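Next come the chains, spelled out residue by residue.
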Amino acid sequence: MTELAQSLRDRFASLGNGPLLPLRQAAFARFEQLGLPTLQDEEWKYTSLAPLAQLRFEPAAPGALPDPGRFSLAGTGVQIVFVDGKHRPDLSSGKASPSGIFAGSLSAALADRPELVRRELSRHADHEREALVALNTAFLQDGAFIHLPEGAVVPEPIHLLFLTTHSGKTTASHPRNLFVAGRGSQATIVETWAGPGGQAYLTNAVTEAVLGDGAHLDHYKVQEEGPRAIHLALLQVEQGRDSRLRSSSIALGAALARNEVRARFASEGGECTLNGLYMAGAKQHLDNRTVVDHQSARCTSRELYKGVLSDRSRGVFSGRVLVRKDAQKTDASQTNKNLLLSDEAWVDTKPQLEILADDVKCAHGAAVGQLDENALFYLRSRGIPQEAARSLLTWAFASEMVELIPLRPLQARVRQLVASRLPAFDGWKEVA
Amino acid sequence: MMLQIQGLRAKVGEKEILRGIDLEVGAGEVHAIMGPNGSGKSTLAQVLAGRETFEVTQGKVLFEGKDLLALPPEERAVAGIFLAFQYPVEVPGVGNLYFLRTALNAIRKRRGEEELDAMDFLALAKEKMKLVAMDPSFTGRSVNEGFSGGEKKRNEIFQMAVLDPKLAILDETDSGLDIDALRTVAAGVNGLRNENRAMIVITHYQRLLNYIVPDRVHVMQSGRIVRSGGRELALELEQKGYAQIEVRREAAP
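Please read all numbers here as calculations on a predicted model, not as lab measurements.

### Examining the overall build of chain B
Next up, step 1: Within chain B one finds eight helices and twelve strands.
Next up, step 2: For 253 residues, the compact-globule estimate of 2.2 N^0.38 gives 18 Å, and chain B sits close to it at 18 Å.
Next up, step 3: Taken along its principal axes, the extent of the C-alpha atoms in chain B is 55 × 40 × 35 Å.
Next up, step 4: A total of 253 residues make up chain B; the buried ones form 45% of that total.
Next up, step 5: Partitioning the contacts of chain B with sequence separation of at least 6, the portion at a separation of at least 24 is 71%.

### Overview of the overall build of chain A
Next up, step 1: Looking only at helices and strands, chain A features ten helices and 20 strands.
Next up, step 2: Here the C-alpha atoms of chain A give a radius of gyration of 21 Å, agreeing with the 22 Å that 2.2 N^0.38 yields for 432 residues.
Next up, step 3: Buried residues in chain A amount to 53% of all 432 residues.
Next up, step 4: Here the analysis covers contacts within chain A between residues at least 6 apart in sequence; of these, 82% occur between residues at least 24 apart.

### Here's the deal with the sheet that holds strand β10 (residues 198-203) of chain B
Residue and element names in this part refer to chain B.
Next up, step 1: Taken in spatial order, the six strands make up an open sheet running β6-β9-β10-β3-β11-β12, and their pairing is mixed. Where the open sheet ends on each side, the last strands, each with one partner, are β6 (81-84) and β12 (224-229). Going across the sheet, the axis of each strand differs from the next one's by a mean of 20°, ignoring polarity.
Next up, step 2: Bridge analysis of β6 against strand β9 (residues 167-171) gives four bridges, and the strand direction is parallel. Bridge pairing in β9 places leucine 83 opposite isoleucine 169.

### Brief notes about the packing of helix α3 (residues 96-110) of chain B against helix α5 (residues 149-163) of chain B
All names here are of chain B.
Next up, step 1: Taken N-terminus to C-terminus, the directions of α3 and α5 make an angle of 30°; their axes are 10 Å apart at the nearest point. When you trace α3 past α5, the crossing you get is right-handed. In contact with Leu100, Ala103, Leu104 and Ile107 of α3, α5 contributes Gln159, Val162 and Leu163.
Next up, step 2: Here the contact of α3 with α5 is composed, by residue class, of six nonpolar, one polar and no charged.

### With respect to the interface of chain A and chain B
Next up, step 1: Taken together, the contact between chain A and chain B spans 20 residues of the former and 24 residues of the latter.
Next up, step 2: Elements represented by at least two residues in the side of chain A that touches chain B include exactly α7 (373-381), α8 (386-403) and α10 (428-431) of chain A.
Next up, step 3: Tallied by class, the residues present in the side of chain A that touches chain B amount to ten nonpolar, six polar and four charged.

### Brief notes about the sheet that holds strand β4 (residues 55-63) of chain B
Residues and elements named next belong to chain B.
Next up, step 1: Across the sheet, four strands lie side by side as β2-β1-β4-β5; this open sheet has antiparallel pairing. The open sheet terminates on both sides in strands that have one partner only, identified here as β2 (15-25) and β5 (66-67).
Next up, step 2: Sitting on the sheet, helix α1 (residues 41-49) touches β1 (3-12), β2 and β4, and the angle it makes with β2 is about 70°.

### Section: the nonpolar core
Next up, step 1: In this structure, Leu392 of chain A together with Ile169 of chain B are the most contacted members of the largest nonpolar core, which totals 192 residues.
Next up, step 2: When residues in this core are grouped by element, the largest group, ten residues, is from α8 of chain A.
Next up, step 3: Mapped onto the domain boundaries, this core takes at least three residues apiece from domain 1 (3-267) and domain 2 (373-432) of chain A.
Next up, step 4: Look past the residues within four positions of isoleucine 169 of chain B in its chain and what remains in contact with it is Ala45, Leu48, Ala49, Phe82, Leu83, Ala84 and Ile200 of chain B.

### Remarks on the domain arrangement of chain A
Residues and elements named next belong to chain A.
Next up, step 1: For chain A, the assigned domains are domain 1 (3-267) and domain 2 (373-432).
Next up, step 2: Between domain 1 and domain 2, the C-alpha centre-to-centre distance is 31 Å.
Next up, step 3: Listed as interface residues are twelve residues of domain 1 and, on the opposing side, nine residues of domain 2.
Next up, step 4: Elements with a contribution of two residues or more to the side of domain 1 that touches domain 2: β8 (186-194), β10 (216-224) and β12 (244-251).
Next up, step 5: Ranked by residues supplied to the side of domain 1 that touches domain 2, first place goes to β10 with three residues.
Next up, step 6: Split by residue class, the side of domain 1 that touches domain 2 holds eight nonpolar, three polar and one charged.

### Observations regarding the packing of helix α4 (residues 118-131) of chain B against α5 of chain B
The packing of two helices is summarised by the inter-axis angle and the distance between the axes.
Residues and elements named next belong to chain B.
Next up, step 1: The contact between α4 and α5 brings their axes to 9 Å, and the two run at 135°. It follows that α4 is oblique to α5 by the angle criterion. Seen from above, α4 lies across α5 with right-handed handedness. Within the contact between the two elements, α4 uses Leu124, Ala125, Lys128, Met129 and Leu131 and α5 uses Phe158, Ala161 and Val162.
Next up, step 2: Class assignment of the residues belonging to the contact of α4 with α5 gives a composition of seven nonpolar, no polar and one charged.

### A short note on α5 of chain B
Next up, step 1: Its 15 residues give α5 of chain B an end-to-end C-alpha distance of 21 Å, which sits within 8% of 21 Å, the value for a rise of 1.5 Å per residue.
Next up, step 2: Of the surrounding secondary structure, the elements contacted by the buried residues of α5 of chain B are β6, α3, α4, β9 and α6 (179-191) of chain B.

### A short note on helix α2 (residues 21-34) of chain A
An α-helical segment advances 3.6 residues per turn. Residues three or four places apart therefore align on the same side.
Residues and elements named next belong to chain A.
Next up, step 1: Along its 14 residues, α2 runs 20 Å from first to last C-alpha, staying within 8% of the 20 Å computed at 1.5 Å per residue.
Next up, step 2: All buried positions along α2 are accounted for by Arg24, Ala27, Phe28 and Phe31. The buried residues of α2 occupy an angular sector of 105° when projected down its axis, which confines them to one face. Of the residues in α2, the exposed ones pointing more than 90 degrees away from the buried face are Pro22, Gln25, Ala29 and Gln33.
Next up, step 3: One or two steps after α2, the chain reaches glycine 35, where phi turns positive at roughly 70°.

### Topic: unusual backbone geometry
Next up, step 1: Phi at alanine 282 of chain A is positive, roughly 45°, even though this residue is not glycine.
Next up, step 2: Relative to the elements of secondary structure, alanine 282 of chain A occurs in the loop between β14 (271-280) and β15 (285-294).
Next up, step 3: In this structure alanine 282 of chain A comes out as exposed when scored by C-beta crowding, with 10 C-beta atoms within 10 Å.
Next up, step 4: Backbone geometry places serine 222 of chain B, a non-glycine residue, at a positive phi of 45°.
Next up, step 5: Assignment of secondary structure puts serine 222 of chain B in the loop between β11 (216-221) and β12.
Next up, step 6: For serine 222 of chain B, a count of 15 C-beta atoms within 10 Å puts it in the partly exposed group.

### So, the pairing of strand β13 (residues 256-265) of chain A
Residue and element names in this part refer to chain A.
Next up, step 1: For β13, a buried count of nine out of ten residues is recorded, marking the element as mostly surrounded by other parts of the structure.
Next up, step 2: The sheet contact formed by strand β11 (residues 230-239) and β13 spans ten bridges and is parallel. Note that in β13 the partner of isoleucine 230 across the bridge is leucine 256.
Next up, step 3: Sheet analysis places β13 next to β15, joined by ten bridges and oriented parallel. What sits directly across from alanine 257, in β15, is leucine 286.

### Considerations on the confidence of the model for chain B
Next up, step 1: With 96% of its residues at a pLDDT of 70 or more, chain B has an overall mean of 93.
Next up, step 2: Both scores are given for the predicted complex: the pTM is 0.92, the ipTM 0.95.

### Details of the environment of alanine 388 of chain A
Next up, step 1: Mapped onto the fold, alanine 388 of chain A is located in helix α8.
Next up, step 2: As a C-alpha pair, alanine 388 of chain A and alanine 282 of chain A span 106 residues in sequence and 19 Å in three-dimensional space.
Next up, step 3: Beyond its immediate stretch of four places on either side in the chain, alanine 388 of chain A contacts Ala424 and Phe425 of chain A together with Ala106 of chain B.

Rules behind the numbers
- Residues numbered from 1 in each chain as written.
- Chains lettered and ligands numbered in written order.
- Predicted model: local features only at pLDDT ≥ 70, side-chain atom pairs only at ≥ 80, totals over all residues.
- Helix = DSSP H or I, 4+ residues; strand = E, 2+ residues; numbered from the N terminus.
- Rg over C-alpha atoms; globule rule 2.2 N^0.38 Å.
- Buried ≥ 20, exposed ≤ 12 C-beta atoms within 10 Å, placed from the backbone.
- Contact = placed C-beta atoms within 7 Å.
- Pairing = 2+ DSSP bridges.
- Axes fitted to C-alpha atoms, helices over the stretch in contact; angles between N-to-C directions.
- Left-handed = near helix turned anticlockwise from the far one by under 90°.
- Nonpolar A, V, L, I, M, F, W, Y, C, P; charged D, E, K, R; others polar.
- Core = buried A, V, L, I, M, F, W, Y, C linked by C-beta atoms within 7 Å.
- Domains from an automatic or database assignment.
- Parallel < 35°, antiparallel > 145°, perpendicular 65-115°, else oblique.
- Expected span 1.5 Å × (residues − 1).
- Arc of directions from axis to C-beta.
- pLDDT = per-residue confidence, 0-100.

In structure tokens:
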């Protein structure tokens, strides 16, 4: 047995019993059978988990914590904070309204609405086939649970903040989130993921979302983990009739990150928009995977992912659109554009369309390019120094994804995060 | 002498495009450079502005006595050189005014002058926009994005007005313009003529020179200036065509 496997066994044993023990035991056994994905797995062809295999996990320990206030968003109704995977009511704030809505921790929900939790939990993400889902399920302790009853409309965004303590220890957290949106309900959920720079740590998150008929979910994720972190995450969304998902992923942090979004149209008339921006520097490796499963007729999916890769970083986009036999009148489009800012930066892009229905409208495209030399000369000839000109053109490429965030306070925050990664660029406040 | 070009040779790849250019331009003067397609006019403009695509193999360019060729493009702008592009570049996602203010402030900062804040800049921009009859709606748009040919050329002259260069090089500013747009652009350029500013107007056709009247006219062929004269030379060209122009100057080897 490898040291990693031994350290996971030790950690698993230390968690003790709990109401979900049978599920967790089954998942752990399955994880040990499956093992970590390797480059031989088609879905992991471009991303090696070798850095993960080198870690030996230690228990979480006390230490410094970034100030949650640093991440707060103006206009947020509820902010739920998790530290090292555990809910921290003392750092959380706000109460969801209107009444009947539950926005809190999964562990609390197990007591509050056990039937609902047990009905949906682990029903959508597949721990039988996916090793990382199995690992997450094996260590399932806590996460966010949000339940919107039929017709409930939450006007203010719900902010979920996942932090890792700066303890100097190699820790792992496996947050498990569940969002259940009843028929006709509407909510906006923002996730922020952040952690310290001084230590290697793993975040292995799984989020399951179930959208009832006509439900609307706007989901934003900002990943700004520490520079030595490994961040692995899956968002699995089950969409009911005429439901609408808007997902936006902003990936900036971590040494190695993989963000996967899967949407499945279980019924007709659904819509999903999957947007993403990944910006990597140094030796970062940022992988983005999307799977849109058009299982039903008359559904629309729109995808736009953009990557900015500098230094020796590496980006991956693999997007699969599957249009099944009965999914007539499907309208699907997928676009991935990448900007390479150095000779050593690298991107793998793999759009995949599999169409089994005959009356559909599908388009996909991928592009990899460098800064336009003409434009660069134009800017410089006007007196803008080279570095600032490069940043301005990079901003021009990336800012589209910032502008596509309709939630103003978040847009402002992301604009600042993106701009701060561009050298000699101070105009972000006014560029828009 | 503001600009002195001596024996300038430049190539792109293995192809030599400038084959020994000599030219002197003094403050307040307007020089027209004419010539057929491929004669090297636009290359000369781009080499003066610092385009790195072209490799200078021989010769000197002095601007106010300083070695211009040693400077990167942005430093040439700081020194006071402006190139109005033949094909202005579209920069989606970057606002016109933001771009121009960034440029102006970069130049001012480098010169040790105070930067303009957004309010002061807007006042300056509004004043200069009148010069080329620029539509105010243009302020809310991205740099040249979706502009018509005429709007792009007007935008170049507007930028020139704001940046207030000592030497302006206008590269085929007349190309793609109808007569009304040509008049507007020429009026803008004429409004910027003064005794301190020099201009090099590059054009294929004499037409532009009816509106922007040059002090000197030079004819380029195969990477050399083959004839120079007063404005009447432009009229002669118009009548005879480039092929018939008598070479009165000993061409460089």
